[in-house]
Amino acid sequence: MPLLARVARDAVRVRDLGGVSCERITCVTPPTQESPFLRACRREPVPYTPVWFMRQAGRSLPEYRAARNGMTMLSACTRAEVITELTLQPLRRFPVDAAILFSDIVVPLRAVGVDIDIKPGVGPVTAQPFRSEADLARLRDLDPGDVPYITDAVTSLVRELGATPLIGFAGGPFTLASYLIEGGPSKNHDLTRALMYGDPGLWHGLLSRLADIAAAFLRVQVSAGASAVQLFDSWAGVVGPDDYRTAVLPHSRRIFEALAGSAVPRIHFGVGTGELLGQLGAAGADVVGVDWRVGLDEAAARVDAGKALQGNLDPAILLAPWPVIEQRVKQVLVQGRVAEGHVFNLGHGVLPQTDPDVLARVTDLVHQESARRPV
Ligand code: CP3
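These numbers were taken from a predicted model, which means no experiment stands behind them.

Undergrad: I keep staring at the packing of helix α8 (residues 148–161) against helix α11 (residues 200–223) and nothing clicks. Help me out?
TA: When two helices pack together, their arrangement is captured by the angle between the axes and the distance separating the axes. At their nearest, the axes of α8 and α11 sit 8 Å apart, and the two run at 35° to each other. The two elements α8 and α11 cross, and the hand of that crossing is right-handed. Residue-level inspection shows I150, T151 and V154 of α8 in contact with α11, the latter providing F217, V220 and Q221. Residue classes in the contact of α8 with α11 are distributed as four nonpolar, two polar and no charged.

Undergrad: Looking at this structure, how should I read α11?
TA: Think of an α-helix as turning once every 3.6 residues; residues three or four places apart then point the same way. The terminal C-alpha atoms of α11, which comprises 24 residues, lie 34 Å apart, in line with the 34 Å expected from a rise of 1.5 Å per residue. G225 sits one or two residues past α11 and shows a positive phi near 125°.

Undergrad: Got a minute to help me understand the site of the ligand in this structure?
TA: With respect to spatial proximity, 25 residues lie near the ligand, and among them R55, Y64, D104, S234 and H348 are the closest. D104 is positioned such that a nitrogen or oxygen atom in its side chain is 2.8 Å from a nitrogen atom of the ligand. Between H348 and the ligand, the recorded distance is 2.7 Å, taken from a side-chain N or O atom to an oxygen atom. Protein burial of the ligand: of its 870 Å² of free accessible surface, 90% is covered by the chains. Of all elements in the fold, only α3 (62–68) and β3 (123–126) reach the threshold of two or more residues within the shell around the ligand. A class-by-class count of the residues in the shell around the ligand yields 15 nonpolar, six polar and four charged.

Undergrad: Looking at this model, I keep getting lost on the pattern of salt bridges. Mind explaining?
TA: Where charged atoms from two side chains of opposite charge approach closely, those side chains can pair. Overall, the coordinates contain 19 salt bridges when judged by the stated rule. Ionic pairing is found between D190 and R193, a salt bridge with its closest N-O pair at 3.1 Å. Here D190 and its partner R193 are both found in helix α10 (residues 190–198), three residues apart, which amounts to about one turn of the helix. The closest approach of N and O atoms between E369 and R372, which form a salt bridge, is 3.0 Å. Taken together, the residues span about one helical turn, with E369 and R372 both in helix α16 (residues 356–372) at a distance of three residues. Taking relative accessible area as the criterion, R372 reaches 57% and is therefore assigned exposed. Among the charged side chains, a network of salt bridges with common partners joins E34, R39, R42 and E44.

Scoring rules and cut-offs
- Residues numbered from 1 in each chain as written.
- Predicted model: local features only at pLDDT ≥ 70, side-chain atom pairs only at ≥ 80, totals over all residues.
- Heavy atoms only, no water.
- Axes fitted to C-alpha atoms, helices over the stretch in contact; angles between N-to-C directions.
- Helix = DSSP H or I, 4+ residues; strand = E, 2+ residues; numbered from the N terminus.
- Left-handed = near helix turned anticlockwise from the far one by under 90°.
- Contact = heavy atoms within 4.5 Å.
- Nonpolar A, V, L, I, M, F, W, Y, C, P; charged D, E, K, R; others polar.
- Expected span 1.5 Å × (residues − 1).
- Near = heavy atom within 4 Å.
- Polar contact = N/O pair within 3.5 Å; in protein donor to acceptor, adjacent residues only side chain to side chain.
- Areas by Shrake-Rupley, 256 points an atom, 1.4 Å probe, with all protein chains shown as cover.
- Salt bridge = Lys/Arg side-chain N within 4 Å of Asp/Glu carboxyl O.
- Buried < 20%, exposed > 50% of the residue type's maximum accessible area, 1.4 Å probe, protein only.

Right, dumping it as structure tokens:
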């Protein structure tokens, strides 16, 4: 972290603790709560714009590839010590303002017995795609005891991370439904939309069960100490606004409502959701994630008052020469100033071919540039 940013961060901490060392008292306002990331989510003033990267852990890091050597994705996701190590890896390289739990959106599905796997270079695949009421009857709710490795990993991560917040996450109902119905990754999610239009009873039954599973998965993470959550409804952007309102939003709303009492910021993100941004917020999110297709200034106009924004540098820009990256990062920061709160991020996940040194440079640039002109 640049010196200026560190000084500003410490100034915030000392002020809020009244200058008393946190070790010696029971913290009424623990430093994590005053981190720039959580402050920005709550739309409070920040000394600099916080930044983290979706998919910051993973294939762009050589140490990730080494640690994963020979281990399947789902076995990595069910071993607490591996989850902990992979979550921490990016933080050893970049002074990002939040960690995101290393897991996958299909982990809770597998935990309730769905026959789903993650194929290298492909993504989640299931041998028996979801088709009928009988398939729905087999899909049971998630019990915290199904995912002890998540509780253990979050507990140890919160200890290791100190003042840095840990973001928990789950897959959104449309995106989870798509993997079950298509049987694997899909470009247009045609079978999913066909079921949504053609059999509303089965559709709502499925989405409501997936919403319960996602809510339970998030509650496990929050109970163990995650200080924010993100719902990745990555592929919901293929649904038009009217259908989204009736077929998807009620289920996402139930997930956010299930967490309303926990006081952790709730982030809602999907790719290609420019036409849905207002609804992503209205579903109950505190922070709306924006991909790169809509500028943050325009996005701010599309969400209700009282929402922070997260985003939105095109991940492909990180493959361009540095002067292009620098100019685009600054542009995102300028547009983000229109929002009530801004968490810098990419518009989708880090591409595997991204140079990790570029992520480090972008992190520093965001901190330095925004600290010069605090919001
Ligand atoms: O952000 C982070 O660093 C946390 C890690 C994370 C993973 N999956 C690890 C992972 C997160 C947040 C996810 C969520 C996820 N998984 C989403 C929503 C986020 C998004 O990108 O839209 C989706 C749609 C999935 C489903 C999924 N799992 C896909 C599309 C893939 C990639 C397939 C491929 O190989 O190209 C996966 C596998 C996966 N999940 C990997 C990682 C690091 C790669 C597998 C590997 O390294 O072997």
